[in-house]
Each structure stands twice: as C-alpha cells, then as structure tokens.
Amino acid sequence: MLMLTSLIICVFAAIFFLIFSLVKGISAKKEKKKISYKTMGAKNKRIILAIIVFLASAVIIKNIIFALIFCGLYLYFDWYFKAKKAKELSALIDKQVIEALSIIKNAVQSGQSLVNAVNTAAAELKEPIKSEFVSISERISLGESFDKALNDISEKSPSKEFRLMIDTIIISKDSGASLSGIFDRITDATVQRVTIQSKINALTAQGRMSGNIVSVIPFVVILMMYVIEPDMMSSLFTTTAGNILLLIVVVMVLTGSFVIRKMTEIDY
C-alpha cells in the first residue's frame, strides 16, 4: 500500500512538473524561443533525471525506500562530479590567465586596440581559456558591444581570476587608465593567488581523503557484517524498519561527506 501511494504521488509530481514545463514552453514560444531538454537549465535537467531514477528504481526493485536511496545517491554523485569538474576547469583557466594577460598587454603596447588584442589572445592561447576568448571574438564580430560580450562571458566563467581580468579590462577601458601598469599588477596578484590555491589544495588534501574514507567505512562495515552474520544483517534489506535505518545511514553519510567537503573548500 505504501509503495502504491508513493508511486502515485511521484507520478502526479512528474505530471505537474511536465505541465509546468509545457506552460513555460508555450510562454517561450510566444516570445519566439525554443524550449527543449538541451536548452533547459541544469537544475531542471537534474530534477527530471532524479524523477526518472526514482520511478525506474521503484518499478524494478519494487521498494520505495531503496528508490529514495538510489535517487539520493544520484543527486549527490551528480553534484560531486560536476563540482569536481568545474573546480578542475577553474584551476586550469586560473593558470592560463597569466599568459592571457601577457598576450593582451603586449598586443596593446604594440599599438593594437583592445578588440584586436582579444582576437590575438583567442588565436594564440590554448584550451580551455581559448574558448572564452573565441566566444568574445565571435560575439563582437556579430555586432555585440565589447562591454556586453565581456560581461556575458565573464558571468558564465567558473574562474575567479578570469572574471577579475575581464573586470580589469572593462574598468581600464572606461577610465582610460594605463593598461600596461594595471596588467602588471594583476599578473603579480594572480601569480600569488594561484600559488596560495596550490598550497591550500595540498594542506586540505588530507581532509578530503578523510572525508572519502569516513564515507566508505559504514558500507564496508555493513558488507563485512553481512558476510559474517547474513541472517542478522538481512533484516536491513528485507524489513521496512531495516530499510528505513539503511536510508538514515545513507542520508547521514552523504550529509557528512558534503559538510566535510565544504569545510575543506577555503575561499580566498
């Protein structure tokens, strides 16, 4: 009965979300915008996939609590891998900002305009920061203003150093200040910040590893106890009370892992 009630609730939730998305699609159509799964935001995609994982798990396993566990695991690991990928991309761009500043400064000193200097950076730099400058060049070539192109790309970039560089270029252009001197100071500051970030990563590596170990230990213990006393531990998987306890364990472990990771992320 609990299984059937939960499935009905989830189906109604999925239908409500689809109706809501359809209404947004109709509104966007009036504004001549096309809405599809590819153009959806990351949050909407995550909700849809979480509902699919929950319903698929509930139908296959026929256990609402295990479906909740799988749904929670999907949400956690989706956040974990995307956050890790964004952090690695940000670290790569941070290191390339120094080279980008040097190229733009040299181009400006040789008599080029800022727009041409950005085009030079787009041609000479390597990925992943190359894509950022290529996007700026393409927007400008399509008639978009220089400031708007810079601001739009800056807002989407995961790198703090890249956003700082873009803000510096815009402020310097508007104020008429000497770009060479400002770029030299920004380069020195960026080198120091990248060095500090490397030290922070080294010092917090032990904390992150401890978080991973602490997250794995409960499941290792459950597996070992199941091998030693299968009759006693089988109640975790065959009874409602055991399923609820297992759900609580998973929620507490994921929460602890999330808190530890946030504690080891030092903003500077």
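Preceding block: the structure.
Treat the numbers as computed from the prediction; the structure is a model and nothing was measured.

Q: Summarise the environment of Leu114; cite the residues concerned and give the values.
A: Residue placement: Leu114 occurs in helix H4 (residues 114-124). Counting along the chain gives 56 residues from Leu114 to Ile170, while the straight-line C-alpha distance between them is 9.9 Å.

Q: Break down the pattern of salt bridges for me, citing the residues and quoting the values.
A: Counted under the stated rule, the structure contains 4 salt bridges. Put simply, Arg139 and Glu144 hold a salt bridge, and the shortest N to O gap is 3.2 Å. Of the charged contacts in the structure, one is a salt bridge between Asp152 and Lys148, with a shortest N-O distance of 3.0 Å. Here Asp152 pairs with Lys148, and both are found in helix H6 (residues 146-156), just 4 residues apart, close to one helical turn. Looking at Lys148, the relative accessible area reads 44%, which means it is partly exposed. Counted as one network, the salt bridges with shared partners bring together Arg139, Glu144, Lys148 and Asp152.

Q: Tell me about unusual backbone geometry, residues and numbers included.
A: Going from Glu127 to Pro128, the amide bond is cis rather than trans, its omega being 10 degrees. Checked against the element boundaries, Pro128 lands in the loop between H4 and helix H5 (129-141). One non-glycine residue, Lys62, lies in the positive phi region at around 60 degrees. Examined against the element boundaries, Lys62 turns out to sit in the loop between helix H2 (42-61) and helix H3 (64-109). For Lys62, a relative accessible area of 66% corresponds to the exposed category.

Q: Can you lay out the layout of surface pockets for me, pointing to particular residues and giving the numbers?
A: Its boundaries defined by the atoms lining it, the largest pocket holds a volume of some 960 Å³. Lys87, Glu88, Gln197, Asn201 and Glu265 are the residues nearest the centre of the largest pocket, which is lined by 29 residues in total. Broken down by element, the lining of the largest pocket gets its largest block of residues, 11 residues, from H3. Its residues placed into classes, the lining of the largest pocket shows 12 nonpolar, 6 polar and 11 charged.

Q: Can you explain the packing of aromatic side chains? Please cite residues and give values.
A: Overall, the coordinates contain 9 aromatic pairs when judged by the stated rule. Pairing Tyr76 with Phe77 gives two aromatic rings, centres 5.4 Å apart and planes at 80 degrees, and the pair type is edge-to-face. Through a chain of ring-to-ring contacts, three or more aromatic side chains come together here, namely Tyr76, Phe77, Trp79, Tyr80, Phe81 and Phe258.

Q: How would you sum up a nonpolar patch on the surface? Please name residues and give values.
A: On the surface, Met209, Ile213, Val216, Ile217, Val220, Val221, Leu223, Met224, Met225, Val227, Ile228 and Met232 cluster together to form a nonpolar patch covering roughly 1100 Å² of accessible area. Tallying contributions element by element places helix H8 (residues 179-228) first for the nonpolar patch, with 11 residues. Relative to the helices and strands, Val221 is located in helix H8.

Q: Go over the nonpolar core, please, and point to the residues and values.
A: The nonpolar side chains of soluble globular proteins are, as a tendency, buried together. In terms of nonpolar packing, the biggest core is built from 29 residues, with Ile104, Ile129, Phe133, Ile136, Phe162, Met165 and Ile169 touching the most fellow members. When contributions to this core are tallied by element, the ones reaching two or more residues are H3, H4, H5, H6, helix H7 (160-175) and H8. For this core, the leading source of residues is H3, giving 7 residues. Excluding its chain neighbours within four sequence positions, the residues that come into contact with Phe133 are Ala100, Ile104, Val118, Ala121, Ala122, Leu125, Phe162 and Met165. With 18 residues, the next largest nonpolar core counts Tyr76, Tyr80, Leu236 and Leu254 among its residues.

Q: Quick one: what's the story with the packing of H3 against helix H11 (residues 240-263), residue by residue and with numbers?
A: In the contact formed by H3 and H11, the axes pass within 9 Å of each other and the chain directions differ by 10 degrees. Of the possible angle classes, the one that applies to H3 and H11 is roughly parallel. Note on element contacts: H11 touches H3 through Thr240, Asn243, Ile244, Leu246, Leu247, Val250, Leu254, Ser257, Phe258, Arg261 and Lys262, opposite Ile65, Phe66, Leu68, Ile69, Gly72, Leu73, Tyr76, Trp79 and Tyr80. Its residues assigned to classes, the contact of H3 with H11 comprises 14 nonpolar, 4 polar and 2 charged.

Q: For the packing of H3 against H5, give the residues involved together with the corresponding values.
A: In contact at an axis separation of 9 Å, H3 and H5 are set at 50 degrees when each is read in the N-to-C sense. The angle between H3 and H5 places the two elements in the oblique class. Residues Ile93, Gln96, Val97, Ala100 and Ile104 of H3 pack against Ile129, Glu132 and Phe133 of H5. Tallied by class, residues from the contact of H3 with H5 come to 6 nonpolar, 1 polar and 1 charged.

Rules behind the numbers
- Along each chain, residue indices are assigned from 1 in the same order as the chain's sequence is written.
- Local features are withheld for residues below a pLDDT of 70 in this predicted model, meaning they are given only at 70 or higher, and side-chain atom pairs are given and counted only at 80 or more; totals for whole chains, interfaces and linings count all residues.
- Water and hydrogen atoms play no part in the side-chain values, which are based on all heavy atoms of the structure.
- Numbering of helices and strands runs from the N terminus; a helix is a DSSP stretch of H or I covering at least four residues, while a strand is a stretch of E covering at least two.
- Counted as salt bridges are all cases of a side-chain nitrogen of Lys or Arg within 4 Å of a carboxyl oxygen of Asp or Glu.
- Here's how the labels work: a residue is buried when its accessible area is under 20% of the maximum for its type, exposed when over 50%, partly exposed in between, all with a 1.4 Å probe on protein chains only.
- Points on a 1 Å grid over protein atoms alone make up a cavity when a 1.4 Å probe fits among them but cannot get out, and a pocket when they form an open set with protein on both sides within 12 Å along at least five of seven lines; lining residues each have an atom within 4 Å of a point.
- Grid points are joined across faces, edges and corners, and a volume is the space filled by probe spheres set on the points.
- Only Asp, Glu, Lys and Arg are considered charged, only Ala, Val, Leu, Ile, Met, Phe, Trp, Tyr, Cys and Pro nonpolar, and every remaining residue, Gly among them, polar.
- The aromatic pairing rule takes the rings of Phe, Tyr and Trp, using the six-membered ring of Trp, and pairs them if the centres are within 6.5 Å, calling planes under 30 degrees apart stacked, those over 60 edge-to-face and the rest tilted.
- Here the term patch refers to residues with relative accessible area over 30% and no salt bridge, with like charges joined within 9 Å and nonpolar side chains (Val, Leu, Ile, Met, Phe, Trp, Tyr) within 5 Å.
- Only the protein chains shown count as cover for residues, and all accessible areas are computed by the Shrake-Rupley method using a 1.4 Å probe.
- Buried residues of nine kinds, namely Ala, Val, Leu, Ile, Met, Phe, Trp, Tyr and Cys, make up a nonpolar core once their side-chain atoms join them within 4.5 Å.
- Here, residues are in contact when the closest pair of their heavy atoms is within 4.5 Å.
- Interaxial angle, 0 to 180 degrees, is taken between N-to-C directions of lines fitted to C-alpha atoms, where a helix line uses only the stretch in contact.
- Comment on the angle field: the value is read as roughly parallel under 35 degrees, roughly antiparallel over 145, roughly perpendicular from 65 to 115, and oblique elsewhere.

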